[in-house]
Amino acid sequence: MDLRSLLEGPTRAERTAIDDLLGAPESGWEGGEFSRLDGHVAYGGHAARARRNLLLPALHAVQDAFGSVSKGALGYISDRLTVPPAEAYGVATFYALINTQPRAATLIHVCDDIVCAGYGAEDLMRSLEDELGPTGESNLGVSWAPSPCLGQCDRAPAALVHSAGAGYRNVAPADPKSLGTLVFDELPTGLIHQDRSALRLLRRIGSADPESLGSYRNGGGYVALEKAIALGRDGVIAALEQSGLRGRGGAAFPIGLKWRGVADAGGDEKYIIANGDESEPGTFKDRILMEGDPYAVIEAMTIAGFATGATKGFVYVRGEYPVAERRLARAIAKATEVGLLGTDIARAGFDFDIEVRRGAGAYICGEETALFASIEGHRGEPRQKPPFPTERGVFGKPTSVNNIETLVAVLEVLDLGPEQFVAIGTERSTGPKLFCVSGAVVRPGLFEVPFGTTLRQLIALAGGVSNDGEVGAVLVGGAAGSFVDADSLDIELTFEGAAAAQTSLGSGAVIVFDDSTDFAPVLRRIAQFFRDESCGQCVPCRIGTVRQEESLARLAARSPLGGVANERRLLDDLARVMTDASICGLGQTAASAVQSAIRLELPGAVT
Amino acid sequence: MTAATQPVTIVSARVDGVDVEMAQGSTVLDACRHAGADIPTLCHGPTMTAANACRVCVVEVEGSRTLVPSCSRQLEEGMEIRTDSDRSRHSRRLVMELLGSATELDRAGEQLERWMTEAGARPQRFGMPEPESPREPPVPGHHHPPDPVFAATVAEPAKVEDDLYVRDYGRCILCYRCVDACGVEHQNTFAIAVAGRGFDARISTEFDVVLPDSACVYCGNCVAVCPTGALARRSSGT
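Only a predicted model underlies this, so the values are computations on that prediction, with no experimental measurement involved.

Rules behind the numbers
Residues numbered from 1 in each chain as written. Chains lettered and ligands numbered in written order. Predicted model: local features only at pLDDT ≥ 70, side-chain atom pairs only at ≥ 80, totals over all residues. Helix = DSSP H or I, 4+ residues; strand = E, 2+ residues; numbered from the N terminus. Rg over C-alpha atoms; globule rule 2.2 N^0.38 Å. Buried ≥ 20, exposed ≤ 12 C-beta atoms within 10 Å, placed from the backbone. Contact = placed C-beta atoms within 7 Å. Core = buried A, V, L, I, M, F, W, Y, C linked by C-beta atoms within 7 Å. Nonpolar A, V, L, I, M, F, W, Y, C, P; charged D, E, K, R; others polar. Axes fitted to C-alpha atoms, helices over the stretch in contact; angles between N-to-C directions. Parallel < 35°, antiparallel > 145°, perpendicular 65-115°, else oblique. Domains from an automatic or database assignment. Pairing = 2+ DSSP bridges. Left-handed = near helix turned anticlockwise from the far one by under 90°. Expected span 1.5 Å × (residues − 1). Arc of directions from axis to C-beta. Right-handed = clockwise from strand over helix to strand, strands pointing away.

**Describing the overall build of chain B**
So, point 1. A tally of regular secondary structure across chain B gives five helices and 11 strands.
So, point 2. Since a compact globule built from 238 residues should have a radius of gyration of about 18 Å, the 20 Å found for chain B is in line with a globular shape.
So, point 3. Reported as C-alpha extents along the three principal axes, the dimensions of chain B are approximately 50 × 50 × 35 Å.
So, point 4. Across the 238 residues in chain B, those meeting the buried criterion constitute 48%.
So, point 5. Residue pairs in contact within chain B that sit at least 24 positions apart in sequence constitute 58% of those at least 6 positions apart.

Below, the structure written as C-alpha cells:
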C-alpha cells in the first residue's frame, strides 16, 4: 500500500488516549519514533492491516476524551492502524456520535423522534434553546442537538448527555434542570409492570442484581449452559430446530437453521455476534435485557459458540446505551475470571471469548452486513446477499448474528425444553415475545406475552389509551413498520397474523397514537429519520428518502408539486423503487409507514 | 490445475423467455446482454469489480423478493430472469430519474441519454433543481429541513486545485469507481474515499484537504473511470 499521511501530528494528550487503547507503537512504521532499523525493515502487510477493526474503538477513545476527532488525532490513528487517512475520515464521518468538527465539551442529544415528540421533547428543546441558544451553538461549553430515538420511550422525553472526558449519561425523563449536572447515577433499567412469576424472558429484570454473577446464578443462570453441554452440539441445534424459535430482530429467521449453517460451515474461524444495536424508533427491549440481565446475553452467546464451533463473539452495543455497555463489559470480565469464558469453559473442552463493540450513532449498523463492516473498521455500508453471513460474515468468515432477545429466548428453550417452549404461542410463532409499548398509553413499558396475544390485549396490559382516549392508529414495528388502525386491534401478534394485516412485528415496537393525532408531522419525522440514516450507498435509498421527505414537506406547506394527486403518484413511485431496488432493509422499508398511513387514510396523511 | 486447462462449466438460464447458456462465473448482466437485452449500467465497468451501488441495472429474478442487481449477481442454474417486466422497468427508470434530479448528467455520455429517453425518465418531475452552493462539512445524522421549492441536488462549485484536474462533484453519482481505482482496484494510493452519510455522502480526501496536500499521485486512473464527467483533465477543455 502506497500510504501517505499528511495530516498534522496529534497532541500529547491525544496520543496518550490512543496509545492507552492500542498500546505503544512498536516502530516508526506505525506512528512511533523512527529508529535506524525501521529504515531497513517494513512492518506492514497483513499483520498491520489486521488491526483495522480497532479503528472505531480508536475514534471512540479520542471522541470520548476530547468531544471531537481532530486532524492530528485522525492522522495518528491512521498511522497506528495502517489505514489511509482518507478512509479513516470516511469512517469517522459516517457516525453521528463522532464529531470531526470541534464542538462544546458537553453535548446534549435530545430525542425528538416520534414518541418523545408527543411527550415533552418540544418543551425540552425550547428551554434548551432559551438557555443555550440554537442547536450547534456552544454556551459555556454546553450545546445541544436533536437526535433520533434514544431507546428510552418508556420514559419520554429522553436525552443523552456526553461530556468530554466524563462519558455518556442517559437522562429520561429529561427536564432541562437535570441536564447540566454531571451526576452519573444509573437510571433504573426499566419498570416491569407485569407479575414476574408469569414471565420467562424478563424474570430476572429488576429482581436480580445485573452486576452480580451470584445473583444471576440464583435466578436460574447458567443452568442452560449445563444442559447444552449435556445435550452436545447437535443436541442443542436439534432442540432449537424443534422449538421453532425464530429471530426477534425483525427478520424472523429460524434460529436452529442459522446455527446449523454456521456449525456445518468449513474452517476453524467462526463468529457469534449479539446484535445489540437496537435503534428502531420505539424499541427498547434489548436495552432493558442488556442492562438488566447482561449475564443472560453472555451465557447464550457461549452456548452459541459451543453449538456452532465459533470461538469468538462480539456483542455490538448501540452507542446510545452506555449502561448496557458497562454492565456487559463487567459481566464478561467476571465470567472470564471464573472460567465461564476463555479456554476449556466449564471443563467441557471448548473455548469462547467475547468482546464488546460500541456503535456510534448509525441505525444502519443494525443491519447484519453493515454491522460486519462496522466491526471491521469500514463504513457501515451493507452489502448484497448472497453470500449469506452463515457462509461469509464478519472478516469473511461464517457468522451467526443474533438479536439480544433471541439469545435470551435460546436460554428458555434449553431451560424449558423444546416441547414446553412450543406450547407457548402459536404453531408458527412459538414462545414468548417482548413488545415495547409506548406513546398514548397509561403505562408505557416492556411487556412479555405469548405469541398470539392480540394488539387490544397488549394495549390493555399497558393500561389502555391514556386520558381515556381512543386508539387512532398503532405503529407496529417502529419507523420501518406499518400503521394499523383502530379496526385492526384484534389482530393476533404473530409473524403470520401481522403479515395478514399488512404489517410486520419487526423489532416489537408498538407505538400507540390516540384519535386526536395529526399524522402529518409523524410521517414527516419518519421520512426525516430515513433520510438521516440512509448510508448513501445505493441510489433508490440515498435520493429516494430525500424526495419522499421533500414531497411530504411540500404537502405540509400546502404547495404540492402539480397537485396532491401528483404528489401521491411521486410517493407511490418512490415507495416502489425503494422497496424493490434498495440494497438492504433500510431502503426497502423506508416508505412502509408512510404508505400504510396513506392506505388507511389516517388524518393528515396524503389522501 | 491452471485456469487454461480447467473445464468450463455451463450454466443455463432464461432471459425474457429466451434460453441462454453461459460459462460459470458469468453475471446475470452477462446473460441479459447475451440474450440481447439492453440493460443500463453506471457503476459497473470493465476492469473493475462492480460496486453494486447505482442499482440502474436491476432485473427481476424469479423467487427473489426484491429486484436483483444484474451486474454483481452470479448467474445460477435455472434462473428465470425478466428484464422487461413492469417492475424492473419501473425501478430502472426511477433510478435514472432520481440521479438526474440530483446530479448534472450532461456529460454522462450519449448512451445514458438514450437509456433515459427510452425509459421515459423525467428527472424534473421531482421539482426545480436546487442551485449550486458550496458543500458544508458532513454532519452525519442531520440535515437542513427540505426546501418547499427546490429539489435537493449535489450541485457545488467545481474544485480546481492544481493544473491537472477538475473535480466537478455536481456531476458525481457516487458510483465508487474513482475510489476503487485510487485504491485496491488499480493504484493502491487511497487518496480519496466516500465521506459523510446518506445524501450528504461525497468523495473526499481526509478533512477535504486540497488534492495537492493529499496522497494523490495524479495517476489519472480516477479520471479514466469516471462515467459522468465529474472528473476531468484540465487539458480536456474545462
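There's plenty left to go through after this.
**Concerning the overall build of chain A**
So, point 1. The number of helices and strands found in chain A is 24 helices and 13 strands.
So, point 2. For a compact globule of 607 residues, the expected C-alpha radius of gyration is about 25 Å, and chain A comes in at 24 Å, within 12% of that figure.
So, point 3. Principal-axis analysis of the C-alpha atoms gives chain A an extent of 75 × 60 × 45 Å.
So, point 4. The buried share of chain A, reckoned over its 607 residues, is 58%.
So, point 5. Within chain A, residue pairs in contact and separated by at least 24 positions form 70% of the contacts whose partners lie at least 6 positions apart.

**Looking at the nonpolar core**
So, point 1. A:Val297, A:Val410, A:Val474 and A:Val512 are the most contacted members of the largest nonpolar core, which has 265 residues in total.
So, point 2. Discounting chain neighbours no more than four positions away, the residues touching A:Val410 are A:Leu240, A:Leu245, A:Ile255, A:Ala300 and A:Ile303.

**Considerations on the interface of chain B and chain A**
So, point 1. Contacts between the two partners involve 51 residues from chain B and, on the opposite side, 52 residues from chain A.
So, point 2. When contributions to the side of chain B that touches chain A are tallied by element, the ones reaching two or more residues are α2 (86–102) and β9 (193–195) of chain B.
So, point 3. Looking at the side of chain B that touches chain A element by element, the count peaks at nine residues for α2(B).
So, point 4. Here the side of chain B that touches chain A is built from residues that sort into 29 nonpolar, 17 polar and five charged.

**So, the environment of A:Leu56**
Residue and element names in this part refer to chain A.
So, point 1. Structurally, the position occupied by leucine 56 is in helix α3 (residues 55–66).
So, point 2. Between the C-alpha atoms of leucine 56 and cysteine 436, which are 380 residues apart in sequence, the distance is 30 Å.
So, point 3. Setting aside residues no more than four positions away along its own chain, leucine 56 makes contact with Val91, Ala360, Ser374 and Gly377.

**Some words on the packing of helix α22 (residues 564–581) of chain A against α2(B)**
So, point 1. The N-to-C vectors of α22(A) and α2(B) enclose an angle of 105°; their axes lie 9 Å apart at closest approach. Judged by the angle between their axes, α22(A) and α2(B) are roughly perpendicular. Across from A:Asp573, A:Arg576, A:Val577, A:Asp580 and A:Ala581 in α22(A), the residues of α2(B) making contact are B:Arg87, B:His90, B:Ser91, B:Leu94 and B:Val95.
So, point 2. The residue inventory of the contact of α22(A) with α2(B), partitioned by class, reads four nonpolar, two polar and four charged.

**Describing the domain arrangement of chain A**
All names here are of chain A.
So, point 1. Domain boundaries assigned for chain A yield domain 1 (12–92), domain 2 (106–179), domain 3 (210–422), domain 4 (424–514) and domain 5 (519–599).
So, point 2. On the domain 4 side, the residues contacting the five residues of domain 2 number seven residues.
So, point 3. Split by residue class, the side of domain 2 that touches domain 4 holds three nonpolar, one polar and one charged.

**A look at the domain arrangement of chain B**
All names here are of chain B.
So, point 1. Each assigned domain of chain B is listed here: domain 1 (8–130) and domain 2 (154–238).
So, point 2. Of note, the centres of domain 1 and domain 2, computed from C-alpha atoms alone, are 25 Å apart.
So, point 3. Opposite the 17 residues of domain 1 that make contact, domain 2 presents 16 residues.
So, point 4. Among the residues forming the side of domain 1 that touches domain 2, the class breakdown is 11 nonpolar, three polar and three charged.

**A closer look at the sheet that holds strand β3 (residues 159–163) of chain A**
Residues and elements named next belong to chain A.
So, point 1. The strand order across the open sheet built from four strands is β2-β1-β3-β4, with neighbouring strands paired in mixed fashion. Each edge of the open sheet carries a strand with a single partner, namely β2 (142–147) and β4 (167–171). The sheet shows a mean angle of 20° between the axes of neighbouring strands, taken without regard to direction.
So, point 2. The sheet contact formed by strand β1 (residues 106–111) and β3 spans five bridges and is antiparallel. Directly across from valine 110, in β3, lies its bridge partner alanine 159.
So, point 3. Taken strand by strand, helix α7 (residues 121–132) contacts β1 and β2, and its axis lies near 155° from that of β1.

**Quick word on the packing of helix α20 (residues 519–533) of chain A against helix α21 (residues 539–556) of chain A**
Residues and elements named next belong to chain A.
So, point 1. Look at α20 against α21: their axes get within 8 Å of each other, and the N-to-C directions meet at 155°. As far as their axial angle goes, α21 and α20 are roughly antiparallel. Relative to α21, α20 is oriented so that their crossing is left-handed. Contacts from Ala520, Leu523, Arg524, Ala527, Gln528, Phe530 and Arg531 of α20 reach α21 at Thr545, Val546, Gln548, Glu549, Leu552, Ala553 and Ala556.
So, point 2. Here the residues of the contact of α20 with α21 are counted per class, giving eight nonpolar, three polar and three charged.

**Looking at the sheet that holds strand β8 (residues 399–403) of chain A**
Residues and elements named next belong to chain A.
So, point 1. Pairing is parallel across the open sheet formed by four strands, whose spatial order is β7-β6-β5-β8. Whereas interior strands pair on both sides, the edge strands pair on one side only; in this sheet they are β7 (353–358) and β8. Going across the sheet, the axis of each strand differs from the next one's by a mean of 20°, ignoring polarity.
So, point 2. Pairing analysis gives five bridges linking strand β5 (residues 271–276) to β8, with the strands arranged parallel. Each bridged residue has a counterpart across the sheet, and for alanine 274 the counterpart in β8 is asparagine 402.
So, point 3. Set on the sheet, helix α16 (residues 404–416) makes contact with β5 and β8; between it and β8 the angle comes to about 90°.

**Concerning α20(A)**
So, point 1. In this model, α20(A) (15 residues) spans 21 Å end to end at C-alpha, consistent with the 21 Å of a helix rising 1.5 Å per residue.
So, point 2. With 12 of 15 residues buried, α20(A) is to be regarded as a mostly interior element.

**Regarding unusual backbone geometry**
So, point 1. Look at the link from A:Ala156 to A:Pro157: it is a cis peptide, with omega at -5°.
So, point 2. Cis geometry marks the peptide bond from A:Pro386 to A:Pro387, where omega comes out at 0°.
So, point 3. One non-glycine residue, A:Ala346, lies in positive phi territory at about 50°.
So, point 4. If you trace the backbone, A:Ala346 turns up in the loop between α14 (322–337) and β7.
So, point 5. For B:Leu174, which is not glycine, the phi dihedral falls at a positive 55°.
So, point 6. Position of B:Leu174 relative to the elements: it lies in the loop between β8 (165–167) and α4 (177–182).

**Topic: the environment of A:Leu371**
Residues and elements named next belong to chain A.
So, point 1. Following the sequence through the fold, leucine 371 ends up in helix α15 (residues 368–376).
So, point 2. Accessibility expressed as a C-beta count within 10 Å gives 27 for leucine 371, which makes it buried.
So, point 3. Measuring from C-alpha to C-alpha, the distance between leucine 371 and tyrosine 316 comes to 8.1 Å, with 55 residues separating the pair along the chain.
So, point 4. Residue contacts for leucine 371: discarding those within four places in its chain leaves Ile273, Asn275, Asp277, Tyr316, Cys365, Gly366 and Val401.

**Remarks on α7(A)**
Residue and element names in this part refer to chain A.
So, point 1. With 12 residues, α7 extends 16 Å between its outermost C-alpha atoms, agreeing within 8% with the 16 Å of an ideal straight helix rising 1.5 Å per residue.
So, point 2. Within α7 the residues assigned to the buried category are Ala121, Leu124, Met125, Leu128 and Leu132. Angular distribution of buried residues about the axis of α7 spans 95°; they occupy a single face of the element. Opposite the packed face of α7, turned more than 90 degrees from it, sit the exposed residues Asp123, Arg126 and Asp130.

**Here we look at the pairing of strand β6 (residues 312–317) of chain A**
For a regular strand, the rule is simple: side chains alternate between the two faces of the sheet.
All names here are of chain A.
So, point 1. Most of β6 is tucked away, with five of its six residues classed as buried.
So, point 2. Looking at chain direction, β5 and β6 are connected through six bridges and run parallel. Looking at the pairing, alanine 274 lines up with valine 315 of β6.
So, point 3. By the bridge criterion, six bridges tie β6 to β7 in an arrangement that is parallel. Looking at β7, one finds that valine 317 is bridged to arginine 358.
So, point 4. Each parallel crossover has a hand, and the one from β6 via α14 to β7 is right-handed.

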